[in-house]
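# Chain and residue survey
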Number of protein chains: 2
Amino acid sequence: MKIIIIGGVAGGATAAARLRRLNEKAEIILFEKDEYVSYANCGLPYHIGGTIKERDELFLQTPEGFKNRFRIDVRIKSEVVAIDAVRKTVTVKDLGTATQYEEEYDKLVISTGAKPIKPTISGIENENIFSLRNVPDMDRIKLFISEKNVSSAVIVGAGFIGLEMAENLKEAGLSVTVVEQADQVMGIVDYPMAAMVHQYLRTRKIDLLLKEKITAFEPDGKSIVVKTESRKSIPTDMVILSIGVTPENSLAREAGLEIGDLGGIVVNDYMQTSHADIYAVGDAVEVRNPITGKPALIPLAGPANKQARIAADNIIMGNKRVYRGTIGTSIAKVFDMTVASSGASERLLSREGMEYMTSISHAGSHAGYYPGALPLTVKINFAPDGKLLGAQIVGFDGVDKRIDLLAQVIGNGGSIYDLQEIEHAYAPPFSSAKDPVNMAGFIAENILTNRVKVIHWSDMLEVESDAMILDVRTKEEFEFGHIENAVNIPVDELRDRLAEIPANKPVYVYCAVGLRGYTASRILLQHGYTAVYNLSGGYKTYSCVQQ
Amino acid sequence: MKIIIIGGVAGGATAAARLRRLNEKAEIILFEKDEYVSYANCGLPYHIGGTIKERDELFLQTPEGFKNRFRIDVRIKSEVVAIDAVRKTVTVKDLGTATQYEEEYDKLVISTGAKPIKPTISGIENENIFSLRNVPDMDRIKLFISEKNVSSAVIVGAGFIGLEMAENLKEAGLSVTVVEQADQVMGIVDYPMAAMVHQYLRTRKIDLLLKEKITAFEPDGKSIVVKTESRKSIPTDMVILSIGVTPENSLAREAGLEIGDLGGIVVNDYMQTSHADIYAVGDAVEVRNPITGKPALIPLAGPANKQARIAADNIIMGNKRVYRGTIGTSIAKVFDMTVASSGASERLLSREGMEYMTSISHAGSHAGYYPGALPLTVKINFAPDGKLLGAQIVGFDGVDKRIDLLAQVIGNGGSIYDLQEIEHAYAPPFSSAKDPVNMAGFIAENILTNRVKVIHWSDMLEVESDAMILDVRTKEEFEFGHIENAVNIPVDELRDRLAEIPANKPVYVYCAVGLRGYTASRILLQHGYTAVYNLSGGYKTYSCVQQ
Ligand SMILES: Cc1cc2nc3c(=O)[nH]c(=O)nc-3n(C[C@H](O)[C@H](O)[C@H](O)COP(=O)(O)OP(=O)(O)OC[C@H]3O[C@@H](n4cnc5c(N)ncnc54)[C@H](O)[C@@H]3O)c2cc1C
Ligand SMILES: Cc1cc2nc3c(=O)[nH]c(=O)nc-3n(C[C@H](O)[C@H](O)[C@H](O)COP(=O)(O)OP(=O)(O)OC[C@H]3O[C@@H](n4cnc5c(N)ncnc54)[C@H](O)[C@@H]3O)c2cc1C
Ligand SMILES: CC(C)(COP(=O)(O)OP(=O)(O)OC[C@H]1O[C@@H](n2cnc3c(N)ncnc32)[C@H](O)[C@@H]1OP(=O)(O)O)[C@@H](O)C(=O)NCCC(=O)NCCS
Ligand SMILES: CC(C)(COP(=O)(O)OP(=O)(O)OC[C@H]1O[C@@H](n2cnc3c(N)ncnc32)[C@H](O)[C@@H]1OP(=O)(O)O)[C@@H](O)C(=O)NCCC(=O)NCCS
């Protein structure tokens, strides 16, 4: 059996290693157009920032190492320029000698990844504009910064990688402006979560421009000026484009493989393309998003690695292994903050016309009485039947562990009731007796069962003029800042002061985070008030989104 | 409706709060024999050690607070001395006035917790001997240490709380000896995992005595001497007993409620005792362990809290909420090390006669190329059909998050294949593209499908004398230390040196952690060798258990 692999990083290298372990006798050739294989793409920003000091650390295997350990014939600087799916051959261009040759295959694995999106903006070809996808990109950026004595950068696009770059360029000593077309960073989290990141980025002295569309890049001596639709001119030494990636599908398309509407290679559950002998994995393919049931592009390393192992298994053992789809669990460190997401955002759910409810809660990374607990905000989106559709967390510690738990429930098609049952490991340094994920389940249940009605920050801006806005925090908290027109009755006095609450008007209750507001709502509801609404996420979320 | 609750801490206080939120009109009385309610038992060791500086931090609610917020009639220093399940009354002894009175109930919740086991050893009543269950215990210990100028302590019993105490007394400046009857600490983890803790505790200057049975405590002036079966005499200033707890069941027993073989109150899935109007939760009850299907005592705060909420729901809304059992997910910080466990240990599985396989793997807390990754060891026990039965982790960072994920799979009755599919959040500071939990699933699959045979450290001591022990690490690693009689052929040279490996003898392969050993095993197996075994956990586990 002769197996050819195109692409030598996350998907390709992993497939190669697994193929060899499964079959010692197969001939395996891996083609990589770059000079490097098997490196940590995800580490690239951190070498630029200097956190990963040694460039060598980024390489997990070398062509030499692949040969010694796995007897894999790794050919770098070798671009596959054509696939003939009928004759089962690939045409390879040796980028060193510029010669071309053919290789036959019995099975082919495509793991060509994705390429950065480059918008058609005037001046985009300026040599001060970079994107970051691979080692040469990284080297170029690093060299440019040091050689050109760069002191400022504009990052275009505030997705996960954009913000990682913001942090790392800041660490590298640059002053950094982030320009984002949308009204928020990190489009896969919902607005109130992004708002926390906005606030935080500003404390870290990142110049954040939202709702700014770039109209042109204009050269200015050694520098460049970024022009926006709102007529801003931002002079800077360099620009990093990070507005997303698109599948590297040209080879597959030209070979006649089926390409999906989103531009990814279409594969079945076995990671097999429309040609039975060709498998494809990683950023180049469309996966099924189990939440929407629809194809999606989810360019992440974990899925690429897992898909690669499945493809290898199916190549050697026949189609047995099924890939169950990707829900899109992702995370980024942004300075000391962590932002994570899994499953569907409100945006996606709205777009798909899927009915959902949402809830925000604030908790601590571990028991409050044990020192060092840091705030953690959890937002979950769930269906009216309780099915968990999406989850997002912003915090400073323990974000990763909670998003993984939430992802587990989402991935299993579980519900908010499953969150309640999560039997987490509890000792004071690690969690609370009721972990924030349990708590998210409790809160959601109370909403679902109509034990409490909630109102969200966005609707709070439009409450009836004769409604009562009831702040149930302490007097001190109230005086420190409150929602306009709110009346303060601390929850512990509420039962004795019911007379102050009008009987036939809606009451919008809030506290700091939602907990006391919930308790107050329960009291009011059981004392005959019917139109009682608790502010989800409390004053903390409300005041953050107002800024 | 009138509801009485016995016990005012984890289970009792939580039930009270939820009951009130569900029903504003019910009369709710909570009896607590101690002076304190609603405190953090789990924090007690840390106030002794000084990590939790303010004693006040330990209290989450006060009787006063309960009244104001929840209109709950909390009566402290009020011991319930009898339950009359027929007349539906409790007899309460006011410990202040020593008077007794009766209260009627419609529904009763028992959350009396557990009491420390006190073995019948000569001298056990010595006033230098303490156990730690509640705030007065803590106060006594703290006072004794400061007033008596204590400089040494012996901890009897090396379970989770025993080791937390070892750490905290060390932090408080004492020299600490831990005496344990078994051959290992933390009986709920398997030996090779405990061995890592042994090694570590010694680096932290804890005097650890294993397989030592205490025969007597002898007074010696202001001190005490601990005598052991092996004739050791350990003079010390104080002794902490931490050999476990037993359900506080006397009230229930005397009231005629069904008590299980393990000594816990028997409850059904609704947390209802053998009397329909009496519910019981927390350390006092026997839960179902879903792995064995049998009753178990699992005295942990998370389950107590969750059970309490379920009991409250069932009291108010009729039996609707089911408690699905406790798998026993627990965790302890031991200085900088973290030890965690979920599900069944080898010991439990053997006792239950359940067939199982086991696998150890070593990984990093996050991607190796990103600074700060710390070692993490994962052990999983699984059934021959792949069902995950138990998991244990020892490490220094990220242990909590992996045990929670493993617990999720165990709790759902999932398999090692589910581990492979966990879609975790990956960025370099948090994980690897294949998380250690995925990896544990891959490794187990290879064992289950006979892709590799493994040998465990314990069997390695008894291999055939003519077998080949093959060390596939580098020459440098080999020279630094290796298994006796091992032959060194680095994995990358293996294919070229097959002639050196005898054809008809068993080959026991090992590397540092198991990964290269696995690759080497695959090579040998596919070159016609049949009796090839890879050492699970590699030299790292092997050398650790040998010490
Ligand atoms: C800066 C950065 C940070 C990231 N951070 C994270 C993160 O924190 N977490 C996360 O989950 N993911 C992250 N990712 C995404 C992750 O790296 C990708 O999802 C993953 O690498 C995809 O694997 P792949 O094999 O599909 O593609 P790649 O790893 O990109 O490999 C594709 C390879 O194919 C080669 N190739 C393409 N066409 C040809 C051809 N015709 N002939 C020969 N070779 C060809 C390319 O040169 C490339 O080397 C990050 C990506 C980048 C760029
Ligand atoms: C030092 C220590 C550390 C711990 N660490 C952890 C940890 O890290 N993680 C974890 O999950 N668990 C831990 N636990 C266990 C956890 O605290 C218990 O599982 C949990 O508190 C059990 O809740 P409960 O309501 O059943 O009992 P408790 O919380 O013990 O409450 C029982 C209460 O009932 C009262 N009572 C008993 N009988 C009567 C009566 N007749 N009349 C009136 N009152 C009565 C008692 O005085 C007591 O206050 C720890 C426990 C201790 C002691
Ligand atoms: C380096 C690379 C080639 C390694 O591929 P790999 O060999 O499949 O992966 P690992 O080294 O993690 O080893 C995993 C294998 O070893 C086995 N293994 C791991 N630890 C083991 C242990 N202690 N004992 C036994 N087996 C073990 C696993 O079961 C798995 O084998 P399997 O797939 O046959 O079941 C590939 O991961 C790569 O190129 N990565 C870099 C690119 C990348 O992923 N970038 C994106 C992220 S930044
Ligand atoms: C303090 C104590 C009385 C609190 O009990 P509690 O009110 O049930 O618990 P919490 O304060 O965590 O609040 C949880 C409730 O608030 C709700 N809630 C929490 N955050 C919320 C938010 N942001 N918005 C709306 N509701 C929220 C939850 O849904 C839950 O209500 P529910 O049970 O009716 O669904 C009790 O936990 C206790 O005594 N603990 C100390 C003892 C102990 O547990 N010891 C062992 C561990 S060391």
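Refer to the structure above for everything that follows.
So, here is what we can say about the structure in this document. Numbers given to residues run from 1 along each chain, matching the order in which its sequence is written. Lettering for chains starts from A, numbering for ligands starts from 1, and both go in the order in which the items are written. Only residues with pLDDT of at least 70 get local features here, since the model is predicted, and only at 80 or more are side-chain atom pairs given and counted; chain-wide, interface and lining totals rely on the full set of residues. Hydrogen atoms and water are omitted, and side-chain values are computed over all heavy atoms in the structure.

## With respect to the packing of helix α1 (residues 10-22) of chain B against helix α8 (residues 301-317) of chain B
Residue and element names in this part refer to chain B. So the rule is basically this: Angles run from 0 to 180 degrees between N-to-C directions of axes, and those axes are lines fitted to C-alpha atoms, restricted for helices to the stretch in contact. Helix and strand definitions follow DSSP, with helices as H or I runs of at least four residues and strands as E runs of at least two, each counted in order from the N terminus. The crossing is said to be left-handed when, going from far helix to near helix, the turn is anticlockwise and less than a right angle, and right-handed when the turn is clockwise. Contacts are assigned to residue pairs with any non-hydrogen atoms lying within 4.5 Å of each other.
Axis separation between α1 and α8 bottoms out at 8 Å; the angle between their running directions is 35°. Relative to α8, α1 is oriented so that their crossing is right-handed. Of the residues in α8, those in contact with Ala10, Gly11, Thr14, Ala15, Arg18, Leu19 and Leu22 of α1 are Ala304, Asn305, Ala308, Arg309, Ala312, Asp313, Ile315, Ile316 and Met317.

## Looking at the site of ligand 2
Rules: The nearness test applies per residue and asks whether one of its heavy atoms lies within 4 Å of the molecule or strand. Polar contacts, as used here, are pairs of N or O atoms within 3.5 Å; protein pairs need one atom able to donate a hydrogen and one able to accept it. Residues neighboring in sequence count only if both atoms are side-chain atoms. Residue-level accessible areas treat just the shown protein chains as cover; the underlying method is Shrake-Rupley with a 1.4 Å probe.
Every one of the 31 residues lining ligand 2 counts as a neighbour, but Tyr426(A), Gly11(B), Glu32(B), Arg133(B) and Asp283(B) are closest to it. In this structure ligand 2 sits where residues from chains A and B come together. One of the side-chain nitrogen or oxygen atoms of Glu32(B) is found 2.6 Å away from an oxygen atom of ligand 2. Across the complex, the protein chains shield 95% of the 990 Å² of accessible surface that ligand 2 would expose by itself. At the level of secondary structure, the elements contributing two or more residues to the shell around ligand 2 comprise α1, β4 (78-84), α5 (160-171) and α8 of chain B. In terms of residue count, β4(B) provides more of the shell around ligand 2 than any other element does, 3 residues in total.

## Quick notes on the pairing of strand β31 (residues 532-535) of chain B
All names here are of chain B. Keep this limit in mind: By definition, two strands form a pair when at least two bridges between them are found by DSSP. With its strands directed away from the observer, a crossover is right-handed exactly when the path from the first strand over the helix to the second travels clockwise.
In this sheet, β31 lies alongside strand β27 (residues 453-455) in parallel orientation, the contact comprising 3 bridges. Looking at the pairing, Val454 lines up with Asn534 of β31. For strand β30 (residues 507-510) and β31, the ladder comprises 3 bridges, and the chain directions are parallel. By the bridge assignment, Tyr508 is partnered in β31 with Tyr533. In the classification by handedness, the crossover that spans β30, the intervening helix α15 (residues 515-526) and the parallel β31 is right-handed.

## Brief notes about the nonpolar core
Note on soluble globular proteins: their nonpolar side chains tend to be buried together. For clarity, the cut-off: Put simply, buried Ala, Val, Leu, Ile, Met, Phe, Trp, Tyr and Cys residues joined by side-chain atoms within 4.5 Å make one nonpolar core. Only protein chains enter the accessibility calculation, which uses a 1.4 Å probe. A residue is then buried if its area is under 20% of the maximum for its type, exposed if over 50%, and partly exposed in between.
Counting residues in hydrophobic clusters, the biggest one holds 72 residues, and the most contacted among them are Leu169(A), Val185(A) and Met238(A). For this core, the leading source of residues is helix α6 (residues 191-203) of chain A, giving 7 residues. Among residues more than four places away in sequence, those in contact with Val185(A) are Ala158(A), Leu163(A), Ala194(A), Val197(A), His198(A), Leu201(A), Leu208(A) and Leu210(A). Of all hydrophobic cores here, the second largest spans 71 residues; its members include Phe144(B), Val150(B), Ile155(B) and Ala194(B).

## What about the site of ligand 1?
The full set close to ligand 1 counts 30 residues, and Gly11(A), Glu32(A), Ser111(A), Arg133(A) and Tyr426(B) are the nearest of them. One finds residues of chains A and B in close proximity to ligand 1. Here an oxygen atom of ligand 1 sits 3.3 Å away from a polar atom, N or O, in the main chain of Ala10(A). Within the backbone of Tyr426(B), an N or O atom sits 2.7 Å from a nitrogen atom of ligand 1. Here ligand 1 loses 95% of its free accessible area of 990 Å² to cover by the protein chains. Put simply, the parts of the chain that give the shell around ligand 1 at least two residues each are α1 (10-22), β4 (78-84) and α8 (301-317) of chain A. When residues in the shell around ligand 1 are grouped by element, the largest group, 3 residues, is from β4(A).

## Focus on α15(B)
Residues and elements named next belong to chain B. Basically, it comes down to this: In a helix, the anticipated span is given by 1.5 Å times the number of residues less one.
Relative to the 16 Å expected for 12 residues at 1.5 Å per residue, α15 spans 17 Å between its end C-alpha atoms, a close match to the ideal helical length. The buried fraction of α15 is high, at 10 of 12 residues. The complete set of buried residues in α15 reads Arg516, Gly517, Tyr518, Thr519, Ala520, Ser521, Arg522, Ile523, Leu524 and Gln526. Following α15 by one or two positions, Gly528 adopts a phi angle in the positive range, close to 95°.

## As for the sheet that holds strand β13 (residues 214-220) of chain A
All names here are of chain A. Reading across the sheet, the 3 strands line up as β13-β14-β15 and stay open at both edges, with antiparallel pairing between neighbours. Looking at which strands have only one partner, the edges of the open sheet turn out to be β13 and β15 (233-236). Sheet twist, expressed as the average angle between the axes of neighbouring strands with direction ignored, equals 20°. Examined bridge by bridge, strand β14 (residues 223-228) and β15 share 4 bridges and lie antiparallel to one another.

## A short note on the side chain of Ser365(B)
Residues and elements named next belong to chain B. Looking at the secondary structure, you find Ser365 in the loop between β24 (357-364) and β25 (375-382). Exposure remark for Ser365: the relative accessible area of 2% places this residue in the buried category. When near neighbours in sequence (up to four residues on either side) are disregarded, Ser365 contacts Gly372, Ala373, Leu374, Leu376, Asp397, Arg402, Phe430 and Ser431.

## Regarding the packing of aromatic side chains
As a reminder, the rule being used: Within 6.5 Å between ring centres, the rings of Phe, Tyr and Trp (the latter by its six-membered ring) count as paired, and their orientation is classed by plane angle as stacked under 30 degrees, edge-to-face over 60, tilted in between. Note on criteria: charge over ring means Lys NZ or Arg CZ within 6 Å of the ring centre, with the direction from the centre no more than 35 degrees off the ring normal.
Counted by the stated rule, this structure contains 24 aromatic pairs over all chains. Aromatic pair Tyr200(B) and Phe335(B): ring centres 6.5 Å apart, planes at 65°, arrangement edge-to-face. Of the two residues, Tyr200(B) sits in helix α6 (residues 191-203) while Phe335(B) sits in the loop between β22 (330-334) and β23 (337-343), which places them 135 residues apart along the sequence. You'll find Tyr200(B) and Phe335(B) in the same group, each marked buried. Three or more aromatic residues joined by ring pairs make a cluster, and in this case those are Tyr36(A), Tyr39(A) and Phe59(A). Over the face of the ring belonging to Tyr533(A) we find Lys453(A), whose NZ or CZ atom lies 5.6 Å from the ring centre. Sitting above the plane of the Tyr539(B) ring, Arg473(B) keeps its charged end 4.6 Å from the centroid.

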